[in-house]
Amino acid sequence: MTRKRVVVTGQGTINPLGASVADTWDAMAAGVCAIGPLEIDDLERLSIRIGGQVRDYDPGDHFSRQQLALYDRFTQFALIAADEALDDAGLDLDSEQGLASGVVIGTAGGGLNTWDSSYRAVYADGKNRVHPFVVPKLMNNAAASHISMTYGLRGPSFSVSTACSSSNHAIGLAFSMIRDGMSTIMLTGGSESMLCFGGIKAWEGLRVMSCEACRPFSADRSGMVQGEGAAVFVLEEYMHARDRGATILAEICGFSMTSDAGDIVMPSTDGAARAMQGALDDAGLAADAIQYINAHGTGTAANDRTECRAIREVFGSNAKQVMLSSTKSMHGHLIGGTGAVEMLACTLALNRGIIAPTLGYQVPDPECDLDIVPNTARKADVTCTMSNAFAFGGLNAVLVLKAGS
Amino acid sequence: MTDRIYADITRIIAEQAMVDVDELTPMTRVEDLEMDSLAVVETLFAIEELYDITIPFNANTMDSGNTMDSEGFDLSTISTIVTGVEALIADKGSLT
């Protein structure tokens, strides 16, 4: 069977950097840091008090009261991103197209805010009932299902939950389904909203969170900072996109998944390297074809050093030439939604020739001696990019994107 | 160093490091116990729960060979841990 080509024809987002792709791209180009003091209930009982929150956001501006009874914050973000993506793609799916279209959304926590507030109601506030829609609101597939329902996508739809790799796994699976002829149009990406008391409290326990900033690859890094938000892309079979005259933002040409089969939290160089090499092999590209890598770059000592070792292993003598940045330094770690928002840094590089920087870089780390595009965005001609995601549990997913043509 | 706190801490560390408590001495180096990152975090959690204290510790600022956390809690030996815990308990007492 001939494999189909798969292109990106639309993108949408709401994340700490902005409520649209245009705003997000501008913020990435300007090196804006959207990490700041958290505004959540019971903050005084947390030791971690910073995060990348979506600010100036009123759900009522986007959804009706009836809709909000069913939409957790992560579903709201996913629907807002999907709406922008479909509009950007210029797609108004008719009934027949809807049959061949689906949606795959990555999320790690699903409706975590709904869990948190419902537990608070029954345990802390002593209430004896919770809202009747708690179950459909908190389930991990709620975002995928509401996107499917809103746009009449009646083909294959599901959610993917692989912690910090959820978005890349989701996008990679949607890509594979179009490539193999299972579907023509797929909406895909990820969404996360864990910035609530219970969500942060759980993360505090692992002792990997920073109290002050996310500074990936900097020797004085102090850990990860959480963010929230969503990004959704329209993936389309190439001939379908070409025939309707769609603007092609990028072509997804490689994807690979590997597992460390090692430790539940510590990453492995081997698993990361095999995923990067696998994505290059899948794309039929040599390592020197890649000009920019959007790093997983969490700002933890464990990730940053392992990732740099893996890049040196795969890119060899070219490792020092390839540009590498972690936009988590700007928007925080969106956990299950992170790969999707970070893919916007890849489409920014491919469409605008701008490499989003790694903010907060202060002290060189000899173990991370690569070109991490420190602190300021850079102009560069980019035809090929890679996006890394390496999850707790040792589950890795890497995508390769090239410029649309 | 009080005997009770020393006994509690060696018991917790022995359990996490999967060694006999008699093998531990005040001078035992934590890195020689080859505990993985989760075992270290669980050890601190167990000590915090026992004394209702908060131990300042960030896994990212504790590199190998440098066991002094940036916030000042010295995890290098059992003796330094006991001293640090005693200080945190004393601080707590001074607040109440």
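In the block above lies the structure referred to throughout.
Residues numbered from 1 in each chain as written. Chains lettered and ligands numbered in written order. Predicted model: local features only at pLDDT ≥ 70, side-chain atom pairs only at ≥ 80, totals over all residues. Heavy atoms only, no water.

Draft legend 1. Structural detail: the interface of chain A and chain B. Listed as interface residues are 17 residues of chain A and, on the opposing side, 14 residues of chain B. For the chain A and chain B pair, buried surface summed over both sides reaches about 1,000 Å², with 47% attributable to carbon and sulfur atoms. There are one salt bridge connecting chain A and chain B. Its salt-bridge partner being A:Arg207, residue B:Glu48 comes within 2.7 Å of it at the nearest N-O pair. The interface formed by chain A and chain B holds seven residue pairs in polar contact (both at pLDDT 80 or more) in total. When the residues that make up the side of chain A that touches chain B are grouped by side-chain class, the tally is seven nonpolar, six polar and four charged. (Contact = heavy atoms within 4.5 Å. Buried area = accessible area lost by both parts, 1.4 Å probe. Salt bridge = Lys/Arg side-chain N within 4 Å of Asp/Glu carboxyl O. Polar contact = N/O pair within 3.5 Å; in protein donor to acceptor, adjacent residues only side chain to side chain. Nonpolar A, V, L, I, M, F, W, Y, C, P; charged D, E, K, R; others polar.)

Draft legend 2. Expanded view of the pattern of salt bridges. Residues and elements named next belong to chain A. A full pass over the atoms with the stated rule returns 26 salt bridges over all chains. Arginine 215 is paired through a salt bridge with aspartate 220; the nearest N and O atoms lie 2.7 Å apart. Close ionic contact of arginine 305 with glutamate 367 constitutes a salt bridge, the shortest N to O distance being 3.7 Å. Taken together, the residues arginine 305 in helix 12 (residues 301–315) and glutamate 367 in the loop between strand 11 (354–355) and strand 12 (378–379) connect sequence positions 62 residues apart. Judged by its relative accessible area of 17%, arginine 305 is buried. The exposure class assigned to glutamate 367 is partly exposed, which follows from its relative accessible area of 34%. Ionic contacts of the salt-bridge type, sharing partners, join the residues Arg221, Asp304, Arg305, Arg309, Asp365 and Glu367 into one network. (Helix = DSSP H or I, 4+ residues; strand = E, 2+ residues; numbered from the N terminus. Buried < 20%, exposed > 50% of the residue type's maximum accessible area, 1.4 Å probe, protein only.)

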